[in-house]
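Chain by chain, the residues:
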Amino acid sequence: MANGWSLIIGLIVVVIFCGVSWFASPKGENQTVWRSSLILSAWAMFLMWAITFMAQWHPLISPIHNSLRPGYD
Amino acid sequence: MDKSSIPMRSIYEFNNILAAPSASEIDELSDRCQSLESRISSLNESYETLKKREVELTEWRWVLREAGGFFDRARGNAEEIRQSIDDDDDAPLLRDVEQTGQGDNDRSFGAMNIGFVAGVIPRERVAAFERILWRTLRGNLYMNQSEIPDQIVNPETNEGADKNVFVIFAHGKEIIAKIRKISESLGADLYSVDENSELRRDQIHEVNTRLNDLASVLRNTKQTLDAELTAIGRSLAMWMVIIKKEKAVYQTLNRFSYDSARKTLIAEAWCPTSSLGLVKSTLQDVNDRAGLSVPTIVNQIKTTRTPPTYVKTNKFTLAFQTIIDAYGTAKYTEVNPGLPTIVTFPFLFAVMFGDFGHGMIMTMAAAAMIYWEKTLQRSKLDELFSMAFYGRYIMLMMGAYSMYTGLIYCDVFSKAMPIFNSMWEWPSDFKEGDTVYATRADPGYTYPFGMDWRWHDTENDLIFSNSYKMKLSILMGWAHMTFSLCWSYVNARHFKTPIDIWGNFVPGMIFFQSIFGYLVFCIVYKWSIDWNAIGEPAPSLLNMLIYMFLQPGTIETPLYKGQAGVQVVLLLMALVCVPILLFLKPFYLRHQHNKTRALGYRGIGESSRVSALDDDEEDASGSGSGTLTGGRDSIGDDDDGAALITQDIGHGDGDEHEFEFSEEMIHQVIHTIEFCLNCVSHTASYLRLWALSLAHQQLSIVLWKMTLNIAFGMNGVVGVIATVCLFYLWFVLTVMVLCVMEGTSAMLHSLRLHWVEAMSKHFMGDGVPFMPFSFKILLEEEPVE
């Protein structure tokens, strides 16, 4: 479901979102504020997600548990 | 008015408080004020006289009553002595006096000239009064006193005081006169009391009737006064506002310069280009309304002075802009870092504060403050809360982003959120107490959103999340700093100084990217390779970076092919950038300077420096008032007009004419050293994102374990009670410690990241804030009341 292609798809989604928010931002004197805030937050959130995703993409260590009880799911 | 405590109507009940005052308004106001003042003062005066009379009468009544009591008592216990002396009313008193005060030797002496003084004195002075009397008269007196149970209210100060009635008997006219003087000097009020009881009764009677009359008159006066004051109180706040506005208008008018040749006033001020039309139409309106024959002319003045910086804000952007302005006012038309701050400030906060639950609490608090915005704006808030209220939109953004980062970290009040299927599986066959290792459910499946929730409560959770969060902070910091550095390019483009691009931005960018951009690349590259699958050891990036500087060309564990060569090239690129950064700009400027000199140009200010006014003085007056004095045509007959114009031109071109190579060189050396060292220290500084988010997460885990987790281990009624109690404890501590305290600290760290790490990359910040004349600001600065 989620593999390396997710990063590309996520990037495309963000780019589309940026395009939409650039043109769909409400007109008026606050247009710049809308545009920059939407685009910047989209990128910040994408970065955060992508970093987290990549950190788990090819994990070098796996979870270890000492006090797990049998039958736990 | 304070004396009679009549409430003033609150200022907020007037709706048009910001309207400009009209000329007639103020005249009308002053007339009304005068008439009202005279009426009130006459009313007050009569009220006070009446009140004084009343007090006097009351005191007199007390004196009469108490003194009467003394006399009666004295008479009562003197019955047996009466036959030995004559029938005078004084006789028993005399006995009394002699028995207690003076002893036997004076018994026959002066039996006929016993006199007495009666009056009222404040209670706290009684002791002093007694002592003084005793000393001055050497004990030749008999004093009787009693306390008045009610307080006597002084009409002038409106303060009540306890008082005592006293009657002093003594003999000899001089002594009586002395007593009178002493008592008057000590603030006692003396009243005449008749010795005869019949007369006294009449007196009391009379005093009582007079008191009653006076009381009714007083009541009437008080009513009229109150009515008058209430009427004033209703509109006093409004009047004060009008006066304040008028005063401000005249103060501004005083700053106008007077052109005596044309008999006009000239005002010079900065105004935003976008509202120039508004200014013109407003002036036209005012002109029409006032019916002036001479129109008001608005001219745009060409000047080389840097205009003040004015950043338009609304209630959403205001608090963010305040963050930037607290650091420094941006140079005119410089890139305003307030715009990206709207996102980056709350986002960096959220990276440190990442917890879905805590973010939700913060969002709800901010949303509540925004919902009741109008009510809260009017009410008086204490300092801490008003600060939070001021930053309510920041809080909203911080809360919203914290919810997002909470989802990414997979933390809600330190618990996991299993939204998607985990990528890890626990083995099914193990005994309790065994160490179990999770395996990947499907090698092609990565947890799609945020951290996998199976990491929660594992033994090596911290190892994984530390490595992840450390890299996250480096990456975020790199992105933030690169983003900020790019603004310096925009600034250089805007101010048309290409040397700042080639001498500062480009070498700086190459230096930064060849070291830290490369580090970021390595981090991402390392993540993207499946090291277990290709069967090679994963290289340590920290060691790699250290060896890159210490032994260029040697690689311990290779990350990719040709790594050694790439690293050497990158290092050389970074090193080459340092001298460029150091020398290009100052030498270019010197070359530029010499070229213009060679062409024979001289700065006007250079040769005629004497005629120019003191620059600083000029600046102070100019920036303080928002007006400028220079570079205008109509000033011709002004004495120092020529000097002003000269000075103005000199000021504008000053940068090039006052060129001094050594200064420029020192400046650039400082900039270079600062930039190169800061690249390292600032990248390290972003590690605070990791440290704080780790601390926040651990703290919330500890809080959960110490409170609610204990209650879950209990059974029965005790368990129920413990759960309820510990829930409250947990919730209060969550809000106070995790949301308020941790939130404040994360906010301060985010603030620092913006002020130091980001803004040092591009912010010039030598602007002057735009200070427009506004009734609104005026009234906010010194509120009425």
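Remember, it's a predicted structure, so these values are computed and weren't measured experimentally.

Asker: What's the story with the overall build of chain A in this structure? I'm lost.
Answerer: Counting its regular elements, chain A contains two helices and one strand. Along the chain direction, N to C, the helices and strands of chain A fall in the order α-α-β. The buried share among the 73 residues of chain A stands at 48%. For chain A, long-range pairs separated by at least 24 residues make up 66% of all intrachain contacts whose partners lie at least 6 apart in sequence. Just so you have it, chain A exposes about 4,100 Å², and 71% of that area is on carbon and sulfur atoms.

Asker: Help me understand the side chain of B:Thr734, please; the structure alone is not making it clear to me.
Answerer: Checked against the element boundaries, B:Thr734 lands in helix 24 (residues 716-758). When sequence neighbours within four positions are dropped, the list of residues in contact with B:Thr734 reads B:His358, B:Ile361, B:Phe413, B:Leu703 and B:Cys739.

Asker: Help me out: how do you make sense of the interface of chain A and chain B in this one?
Answerer: Note on interface size: it is often stated as the accessible area lost on association of the parts. With 38 residues of chain A at the interface, the matching set in chain B holds 62 residues. Summing both sides of the interface, chain A and chain B together bury roughly 4,600 Å²; the carbon and sulfur share of this comes to 69%. Area buried by chain A at its contact with chain B is led by A:Met48, A:Gln56 and A:Pro63, which between them contribute 16% of it. Run the count over chain A and chain B and you get one salt bridge. Notably, a salt bridge pairs B:Lys312 with A:Glu29, separated by 3.5 Å at the nearest N-O pair.

Asker: Would you mind going over the UniProt feature "transmembrane region" (unreviewed entry) in chain B with me for this structure?
Answerer: Residues and elements named next belong to chain B. The UniProt feature table records "transmembrane region" (unreviewed entry) at residues 347-372, 392-413, 472-490, 510-529 and 566-588. With 82% helix and 0% strand, residues 392-413 has end C-alpha atoms that lie 23 Å from one another. Taken end to end, residues 566-588 is 100% helix and 0% strand, and its two terminal C-alpha atoms sit 32 Å from one another.

Asker: Honestly, the pairing of strand 5 (residues 163-171) of chain B in this entry has me stumped. Any pointers?
Answerer: Residue and element names in this part refer to chain B. Among the nine residues that make up strand 5, nine are buried, leaving the element largely enclosed by the rest of the structure. On strand 5, burial covers both faces: Lys163, Val165, Val167, Phe169 and His171 on one face and Asn164, Phe166, Ile168 and Ala170 on the other are all buried. Two strands pair when backbone bridges link them, and strand 2 (residues 142-147) and strand 5 are joined in this way by six bridges, in the antiparallel orientation. In the sheet register, Tyr142 faces strand 5, and the bridge partner there is Phe169.

Asker: I tried to follow unusual backbone geometry on my own but got confused; where do I start?
Answerer: Most peptide bonds are trans, and most residues other than glycine sit at a negative phi. Residues and elements named next belong to chain B. Backbone geometry at Thr333 places phi at a positive 60°, although glycine is not the residue there. One non-glycine residue, Asp457, adopts positive backbone phi at about 65°. Note that Asp457 resides in the loop between strand 11 (439-440) and helix 13 (461-494).

Asker: Hey, could you run me through a nonpolar patch on the surface in this one?
Answerer: There is a patch of nonpolar side chains on the surface, built from A:Trp5, A:Ile8, A:Ile9, A:Ile12, A:Val13, A:Ile16 and A:Val20 and spanning about 720 Å² of accessible area. Tracing the backbone through its elements, the reader meets A:Ile12 in helix 1 (residues 5-24).

Asker: What is the right way to read the confidence of the model for chain B from this model?
Answerer: As a general rule, the predicted coordinates of low-pLDDT regions are not to be interpreted in detail. All names here are of chain B. Taken over all residues, the pLDDT of chain B has a mean of 78, while the share at 70 or more is 81%. Taken as a whole, residues 7-18 scores under 50 in pLDDT and shows 27 contacts with residues more than four places along the chain or in a different chain. Confidence over residues 78-112 falls short of pLDDT 50; this stretch has 40 contacts with residues more than four positions distant or in other chains.

Asker: It is not clear to me how the nonpolar core should be interpreted in this structure. Could you clarify?
Answerer: Most often, soluble globular proteins keep nonpolar side chains buried together rather than apart. One finds A:Met48, A:Trp49, B:Phe347, B:Tyr468, B:Leu472, B:Phe511 and B:Leu689 to be the most contacted residues of the largest nonpolar core, which totals 108 residues. Ranked by size, the runner-up nonpolar core spans 32 residues in total, among them B:Leu29, B:Tyr47, B:Leu57 and B:Leu211.

Asker: Whenever I open this one, the packing of helix 16 (residues 541-550) of chain B against helix 17 (residues 563-598) of chain B confuses me. Can you help?
Answerer: Relative orientation and spacing of two packed helices are given, respectively, by the angle between their axes and the distance between those axes. Residue and element names in this part refer to chain B. Running from amino to carboxyl end, helix 16 crosses helix 17 at an angle of 60°, the nearest separation of the two axes being 10 Å. Taken together, the axes of helix 16 and helix 17 are oblique relative to one another. At the point where helix 16 passes helix 17, the crossing takes the right-handed sense. Packed against helix 16, whose contacting residues are Met544, Met548 and Phe549, the element helix 17 presents Gln563, Gln567, Leu570 and Leu571 at the interface. Class assignment for the residues of the contact of helix 16 with helix 17 results in five nonpolar, two polar and no charged.

Criteria and thresholds
- Residues numbered from 1 in each chain as written.
- Chains lettered and ligands numbered in written order.
- Predicted model: local features only at pLDDT ≥ 70, side-chain atom pairs only at ≥ 80, totals over all residues.
- Heavy atoms only, no water.
- Helix = DSSP H or I, 4+ residues; strand = E, 2+ residues; numbered from the N terminus.
- Buried < 20%, exposed > 50% of the residue type's maximum accessible area, 1.4 Å probe, protein only.
- Contact = heavy atoms within 4.5 Å.
- Areas by Shrake-Rupley, 256 points an atom, 1.4 Å probe, with all protein chains shown as cover.
- Buried area = accessible area lost by both parts, 1.4 Å probe.
- Salt bridge = Lys/Arg side-chain N within 4 Å of Asp/Glu carboxyl O.
- UniProt positions renumbered as here; feature names shortened; annotations may be inferred.
- Pairing = 2+ DSSP bridges.
- Patch = residues over 30% accessible without salt bridge, like charges linked within 9 Å, V, L, I, M, F, W, Y side chains within 5 Å.
- pLDDT = per-residue confidence, 0-100.
- Core = buried A, V, L, I, M, F, W, Y, C linked by side-chain atoms within 4.5 Å.
- Axes fitted to C-alpha atoms, helices over the stretch in contact; angles between N-to-C directions.
- Parallel < 35°, antiparallel > 145°, perpendicular 65-115°, else oblique.
- Left-handed = near helix turned anticlockwise from the far one by under 90°.
- Nonpolar A, V, L, I, M, F, W, Y, C, P; charged D, E, K, R; others polar.

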